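Results of the structural survey
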Amino acid sequence: MAENGQMASEKRNGAPVGRRVVLGMVGLGAIGVVVGGSVSDAISRALAPLTSGDETGISGVVPAGGSFRYYSVTGTEPERDASNYTLKVSGLVRAKRTFSHADLGKLPQTSMTQDFQCVTGWRVLDVPWRGVRLSDLLDEVGVSPGAKAVLFTSFDGVYTESLTLAQAKRRDVLVATAMYGKPVTRSHGGPVRLYVGSMYGYKSLKWLGGIEVSDKVVPGYWEERGYDVDAWVGRSNGRSDEPVE
Ligand SMILES: Nc1nc2c(c(=O)[nH]1)N[C@H]1C(S)=C(S)[C@@H](COP(=O)(O)O)O[C@H]1N2
Ligand SMILES: [Mo]
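Described below are features of the structure shown in this document. (Residues numbered from 1 in each chain as written. Chains lettered and ligands numbered in written order. Predicted model: local features only at pLDDT ≥ 70, side-chain atom pairs only at ≥ 80, totals over all residues. Heavy atoms only, no water.)

**Focus: the packing of aromatic side chains**
Where we set the bar: Note on aromatic contacts: the rings of Phe and Tyr and the six-membered ring of Trp form a pair at centre separations within 6.5 Å, being stacked when their planes are under 30 degrees apart, edge-to-face when over 60 apart, and tilted otherwise. Secondary structure counts use DSSP, requiring at least four H or I residues in a row for a helix and at least two E residues in a row for a strand, with both numbered from the N terminus. Using a 1.4 Å probe on the protein chains alone, a residue whose accessible area is under 20% of its type maximum counts as buried, one over 50% counts as exposed, and one in between counts as partly exposed.
Per the counting criterion, the structure on display carries 12 aromatic pairs. Seen in terms of ring centroids, tyrosine 85 and phenylalanine 155 are 6.2 Å apart; in terms of plane orientation they differ by 65°. Their pairing is edge-to-face. Here phenylalanine 155 lies in the loop between β7 (149–154) and β8 (160–164) and tyrosine 85 lies in the loop between α2 (41–51) and β3 (86–91), a separation of 70 residues in the sequence. In this pair, the class of tyrosine 85 matches that of phenylalanine 155, namely buried. With 5.6 Å between their ring centres and 80° between their planes, tryptophan 222 and tyrosine 227 make a pair best called edge-to-face. We classify tryptophan 222 as buried; its relative accessible area is 4%. Among the aromatic residues, those joined into a ring-pair cluster are Phe68, Tyr71, Phe116, Trp122, Trp129 and Tyr195.

**Here's the deal with the environment of arginine 123**
Using the following cut-off: We call two N or O atoms a polar contact when they sit within 3.5 Å, provided that within protein one can donate a hydrogen and the other can accept it, with sequence-adjacent residues counted only if both atoms are side-chain atoms.
In this fold, arginine 123 is placed in strand β6 (residues 123–133). Relative accessible area serves as the criterion here: at 16%, arginine 123 is assigned to the buried category. Along the primary structure arginine 123 and aspartate 241 are separated by 118 residues, whereas in three dimensions their C-alpha atoms are 9.6 Å apart. Within the structure, the side chain of arginine 123 is placed 3.0 Å from the side chain of aspartate 115, a separation counted as a polar contact. In this structure the side chain of arginine 123 is engaged in a polar contact, spanning 3.3 Å, whose partner is the backbone oxygen of proline 243.

**Quick notes on the sheet that holds β7**
As a reminder, the rule being used: Pairs of strands are assigned from DSSP output, requiring at least two bridges between the strands. Between N-to-C directions, angles span 0 to 180 degrees; the directions come from axes that are lines fitted to C-alpha atoms, helices contributing only their stretch in contact. The contact rule is simple, with two residues in contact once any of their heavy atoms fall within 4.5 Å.
Across the sheet, which stays open at both edges, the 5 strands sit in the order β4-β3-β12-β7-β8 with mixed pairing between neighbours. Single-partner strands in this sheet number two, and they are β4 (97–100) and β8. Shown here is a sheet whose adjacent strand axes are inclined to one another by a mean of 20°, direction ignored. Where helix α4 (residues 134–141) meets the sheet, its contacts fall on β3, β4, β7, β8 and β12 (208–214), and the angle it forms with β4 comes to roughly 130°.

**Examining unusual backbone geometry**
With an omega of 10°, the peptide bond between glycine 190 and proline 191 qualifies as cis. Its location among the elements puts proline 191 in the loop between β10 (182–183) and β11 (193–196). Although it is not a glycine, aspartate 126 adopts a positive phi angle of roughly 50°. Inspection of the secondary structure puts aspartate 126 in strand β6. Using a relative accessible area of 52% as the deciding quantity, one classes aspartate 126 as exposed. Phi at tyrosine 180 is positive, roughly 55°, even though this residue is not glycine. Relative to the elements of secondary structure, tyrosine 180 occurs in the loop between β9 (173–179) and β10. The partly exposed category is assigned to tyrosine 180, whose relative accessible area is 23%.

**Focus on the pattern of salt bridges**
Under the convention used in this document: For this analysis, a salt bridge means a side-chain nitrogen from Lys or Arg found within 4 Å of a carboxyl oxygen belonging to Asp or Glu.
Across all of its chains, the model carries 8 salt bridges by this definition. Across the salt bridge formed by arginine 170 and aspartate 172, the nearest N and O atoms sit 3.2 Å from each other. For lysine 203, the salt bridge identified is with glutamate 223, shortest N-O distance 2.9 Å. One end of the pair, lysine 203, is in the loop between β11 and β12; the other, glutamate 223, is in the segment after β12, and 20 residues separate them in sequence. Here lysine 203 matches glutamate 223 in class, with each residue buried. If you follow the salt bridges from partner to partner, you end up with Glu161, Lys203 and Glu223 in one network.

What is shown is where atoms sit, not what they do.
Written out as structure tokens, the structure reads:
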């Protein structure tokens, strides 16, 4: 496990939040000193970037559950928007294809409301997601015989993930273009991210740039660093969270 159970490079609004701050937050949570005037000025300042400007409108008190944390292993938010976005679909498919944001909008749209749970423990309840089911996208390009897995790359240039083909076809796996009724924000991986409903948050790759249909699963960024490849909430990583479904 990385960083004492905390995924590294937690950040917000372009300002990287150092590991010390993150660990400090954990300590605060443990002794329950979070609300009101009891938090020292220095710590309040350190926490401010995490609590301010919450687009979701559900920002809770850090580090209690109920709100998203923001992660980027690169410490940056790659800049791409709906106007210059492309999603390249390649590998074991009938027809390789590059989708623009508008192309994605022409495919069947799916909405679902489902929790988001990070393996470090925080969970956001009832998140409204919208986008194209990965299975619908795969049907659109046609999966070739011999395909067994789907690999994902981020246009941050570093982060990767993968799913077995069976996992990829689940109805709660979305190529998400909206959260909370609005376009996915840059911090949350916009304009297009993955949402893998039943698995821990690290499967939900942000800034989705490439999908490759393959004959085998390739462990992703965090999986190379010790997290489980099959990341079912409550049934992996030695955790016993309530499953997400
Ligand atoms: N490209 C990219 N995708 C990523 C990550 C990341 O650092 N980079 N972090 C993962 C982890 S560990 C989690 S919990 C979620 C967090 O999503 P959020 O930043 O929208 O809260 O994104 C996942 N996808
Ligand atoms: Mo996570």
